[in-house]
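# Structural features, examined
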Amino acid sequence: KHKWLHALGLVPARVMPPSSLRVQPPDATRSPYDAPPPPPGSMAAKGAALAAQDAAFDHASLRWEEPKAKRARLAANIDRRPLQGDTDKTVYVRNLAYRADEGALAEFFGQCGELVDLRLGRGDDGRSRGFCHVAYKTVDGAEKALQLSDTSFYGRDIVVQMAKSEEERNAERDARRANRPPPPPPQGCWFCLSNEKDTHLVASIASESFVSMDKAGVVADHCQIVPIEHAPSFAAMAPSAAEEMWRYLDALRKCFAAGGGGDPPSGGEDGTDNGRDVVVFERHLALRSKGGNHCHVNVVPVPRARSGKAKKIFEQAAKKLNFEWCSIPKPESAMDAQAALLEHVGDGEYYAVHLPDGSILVRKIGRGEPHWMSFGREVLGHLLGCPERTSWQECLETEERETARAAAMKASFEKFDIMQE
């Protein structure tokens, strides 16, 4: 038996046909919210336009928006144009509350004088970073703003200082980096000699770097050049250490080109040449949870009959993973290589491949971007025709075999070793 609301006999909408739901009763009056359109150009018209845009925007899609797309959308709305105004009339404000926006800041600092520009520091996610620059039309305005230092604003005591030029900021940052003591190496780092892990693999030691056999190499004489200090990457290490590693790399190139190495081939595919080129790769990931990355540059000898295909196979692998390489012409020195890498990647993470002709392929790894940890081994395994050795876990050997490999490499490398110069 149906029960009726207030005994009015109302028919539930779910049982009514759609045509009945659209019928307007004959005694219906006009909605009081159905106001006539505002005059063009009025504030009401502008508000109505914004409301229409807001209504047209698909707010429901934000709930399911991909993180990468959200970051791109927020980053596109950040004002990144250069700050207008003179440096001697601009103040720098820090310790701002994160909820303080540009409007509140303009109202607060506008009491000191006419503003030329105001820039609130925001991250890629659009959130405030707690500082801003305020440019005034006159020096007097900037001086009055300095008096607001230690004033409470949105519950925080702000700090107001005169802004510095870009040259001054860069000089101070470089000075801080130069005077920063190196952090202690993390306990358990396999590449730190001080931890005495697998030192039987070392083939040569210089003053700031050493050459070690890879513990589970793609080929038997796959080796690594490693800085003694716990430096995160080749691009960021001290110039003297980079120069020494560059000399080691040149020496290894000569050794393999002359037919040397811990396990040289009996001959090329044509049976006439056992000289080899090298493909070098470096993976720099921050690895903060493990105490930071310790730079290690992998050097893998490749037969000359195959080395000419190195660039093509790395480009094909990049295409499959949906990224593109930046190409760096052959650097003349370690300093040139560091400068070129820093120009492309800054202080971020990267992957670099040094091709047999000396040119470098580099990919900057953006924050949050995935990267295949065994990328270099996978590509070189296919280039060398040994895909079964792309997994290092499958290539582990006994300590006796590792020691024999290191001894063979040491004997072959002796006349090329930079310590013999």
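Presented here is a report on the structure given in the accompanying data block. (Residues numbered from 1 in each chain as written. Predicted model: local features only at pLDDT ≥ 70, side-chain atom pairs only at ≥ 80, totals over all residues. Heavy atoms only, no water.)

### Details of the overall build of the protein chain
The number of helices and strands found in the protein chain is 13 helices and 14 strands. Looking at the protein chain residue by residue over its 421 residues, the buried ones come to 37%. For the protein chain, the accessible area works out to roughly 25600 Å², and carbon and sulfur atoms hold 52% of it. (Helix = DSSP H or I, 4+ residues; strand = E, 2+ residues; numbered from the N terminus. Buried < 20%, exposed > 50% of the residue type's maximum accessible area, 1.4 Å probe, protein only. Areas by Shrake-Rupley, 256 points an atom, 1.4 Å probe, with all protein chains shown as cover.)

### Structural notes on the packing of aromatic side chains
The geometry of an aromatic ring pair is captured by two quantities: the separation of the ring centres and the angle between the planes. Evaluated as defined, the whole model comprises 13 aromatic pairs. Between the aromatic rings of phenylalanine 153 and tyrosine 154, the centroid separation amounts to 4.8 Å while the plane-to-plane angle is 65°, which identifies the pairing as edge-to-face. For tyrosine 154, a relative accessible area of 33% puts it in the partly exposed group. Here the aromatic cluster, defined as three or more aromatic residues joined through ring pairs, consists of Phe281, Phe314, Phe323, Trp325, Tyr351 and Phe375. A cation over a ring is seen here: arginine 156 above tyrosine 98, with NZ or CZ 5.1 Å from the ring centre. The ring centre of phenylalanine 323 lies 4.4 Å from the NZ or CZ of arginine 363, which sits over that ring. (Phe/Tyr/Trp six-rings, centres within 6.5 Å; stacked < 30°, edge-to-face > 60°. Lys NZ or Arg CZ within 6 Å of the ring centre and 35° of its normal.)

### Quick notes on the packing of helix α10 (residues 310–320) against helix α12 (residues 375–383)
Running from N to C, α10 and α12 cross one another at 130°; their axes reach a closest spacing of 10 Å. Regarding the angle of α10 to α12, the classification is oblique. Crossing angle aside, the handedness with which α10 passes α12 is right-handed. For the pair formed by α10 and α12, the contact residues are Ala310, Ile313, Phe314 and Ala317 on the first element and Phe375, Val379, Leu380, His382 and Leu383 on the second. (Axes fitted to C-alpha atoms, helices over the stretch in contact; angles between N-to-C directions. Parallel < 35°, antiparallel > 145°, perpendicular 65-115°, else oblique. Left-handed = near helix turned anticlockwise from the far one by under 90°. Contact = heavy atoms within 4.5 Å.)

### Looking at the pattern of salt bridges
Within the structure shown, the criterion is met by 16 salt bridges. The partner of lysine 89 in a salt bridge is aspartate 86, and the shortest N-O contact between them spans 3.4 Å. Arginine 276 is the partner of aspartate 221 in a salt bridge, and the nearest nitrogen-oxygen pair spans 2.7 Å. With aspartate 221 in the loop between β8 (209–213) and β9 (223–227) and arginine 276 in strand β10 (residues 276–284), the pair connects residues that are 55 residues apart, well separated along the chain. For the pair aspartate 221 and arginine 276, one class covers both residues: buried. Among the charged side chains, a network of salt bridges with common partners joins Arg81, Asp117 and Arg119. (Salt bridge = Lys/Arg side-chain N within 4 Å of Asp/Glu carboxyl O.)

### Considerations on the pairing of strand β3 (residues 128–136)
β3 sits mainly inside the fold: seven of its nine residues count as buried. In terms of strand pairing, strand β1 (residues 90–94) meets β3 through five bridges, oriented antiparallel. Among the inter-strand pairings, valine 93 is bridged to a residue of β3, identified as cysteine 132. Sheet analysis places strand β2 (residues 115–122) next to β3, joined by six bridges and oriented antiparallel. When the sheet's bridge partners are listed, leucine 120 is paired in β3 with cysteine 132. A loop of five residues connects β2 with β3, the two strands running antiparallel in sequence, and glycine 126 in this loop sits at a positive phi of about 85°. (Pairing = 2+ DSSP bridges.)

### Here's the deal with the sheet that holds β3
Strand order across the open sheet formed by four strands is β2-β3-β1-β6, with antiparallel pairing between neighbours. On the outer flanks of this sheet lie β2 and β6 (159–162), each paired with one strand and no other. Ignoring strand direction, the axes of neighbouring strands in this sheet form an average angle of 20°. Against the sheet, helix α5 (residues 102–109) engages β1, β2, β3 and β6, with an angle of about 140° to β2. Against the sheet, helix α6 (residues 139–146) makes contact with β1, β3 and β6, and its axis sits at roughly 145° relative to β6, the strand it touches most.

### Focus: a positive patch on the surface
On the surface, Arg169, Arg173, Arg176, Arg177 and Arg180 cluster together to form a positively charged patch. Residue placement: arginine 169 occurs in helix α7 (residues 166–179). (Patch = residues over 30% accessible without salt bridge, like charges linked within 9 Å, V, L, I, M, F, W, Y side chains within 5 Å. Lys, Arg positive; Asp, Glu negative; His and termini not counted. Charge placed at Lys NZ, Arg CZ, Asp CG, Glu CD.)

### Let's talk about α10
Here α10 has its buried residues at Ala310, Ile313, Phe314, Ala317 and Ala318. The arc enclosing the buried residues of α10, seen along the axis, measures out at 140°, which places them on a common side. Set apart from the buried face of α10 by more than 90 degrees, the exposed residues are Lys312, Lys319 and Lys320. The inward-facing, buried residues of α10 contact β10, α9 (304–307), β13 (349–354), β14 (360–365) and α12. Backbone geometry just downstream of α10 places asparagine 322 in the positive-phi region, at approximately 65°. (Arc of directions from axis to C-beta.)

### Observations regarding the packing of helix α8 (residues 239–257) against helix α11 (residues 334–345)
Running from N to C, α8 and α11 cross one another at 115°; their axes reach a closest spacing of 8 Å. When the axes of α8 and α11 are compared, the pair comes out roughly perpendicular. Crossing geometry of α8 relative to α11 is assigned as right-handed. Residues Pro239, Ala242, Glu243 and Trp246 of α8 lie in contact with α11, whose contacting residues are Ala334, Ala337 and Gln338. Counted by class, the contact of α8 with α11 contains five nonpolar, one polar and one charged residues. (Nonpolar A, V, L, I, M, F, W, Y, C, P; charged D, E, K, R; others polar.)

### What about the nonpolar core?
Ranked by internal contacts, the top residues of the largest apolar core, which has 41 residues, are Ile225, Phe234 and Val299. Counting residues per element, this core draws most heavily on α8, which supplies ten residues. Other than its neighbours up to four places away in sequence, valine 299 contacts Asp221, His222, Cys223, Ile225, Leu249, Leu252, Phe256, Val278, Val279 and Val280. By size, the runner-up hydrophobic cluster in this structure holds 23 residues, among which are Val219, Phe281, Val302 and Val379. (Core = buried A, V, L, I, M, F, W, Y, C linked by side-chain atoms within 4.5 Å.)

Bear in mind that shape data such as this cannot, by itself, settle questions of function.
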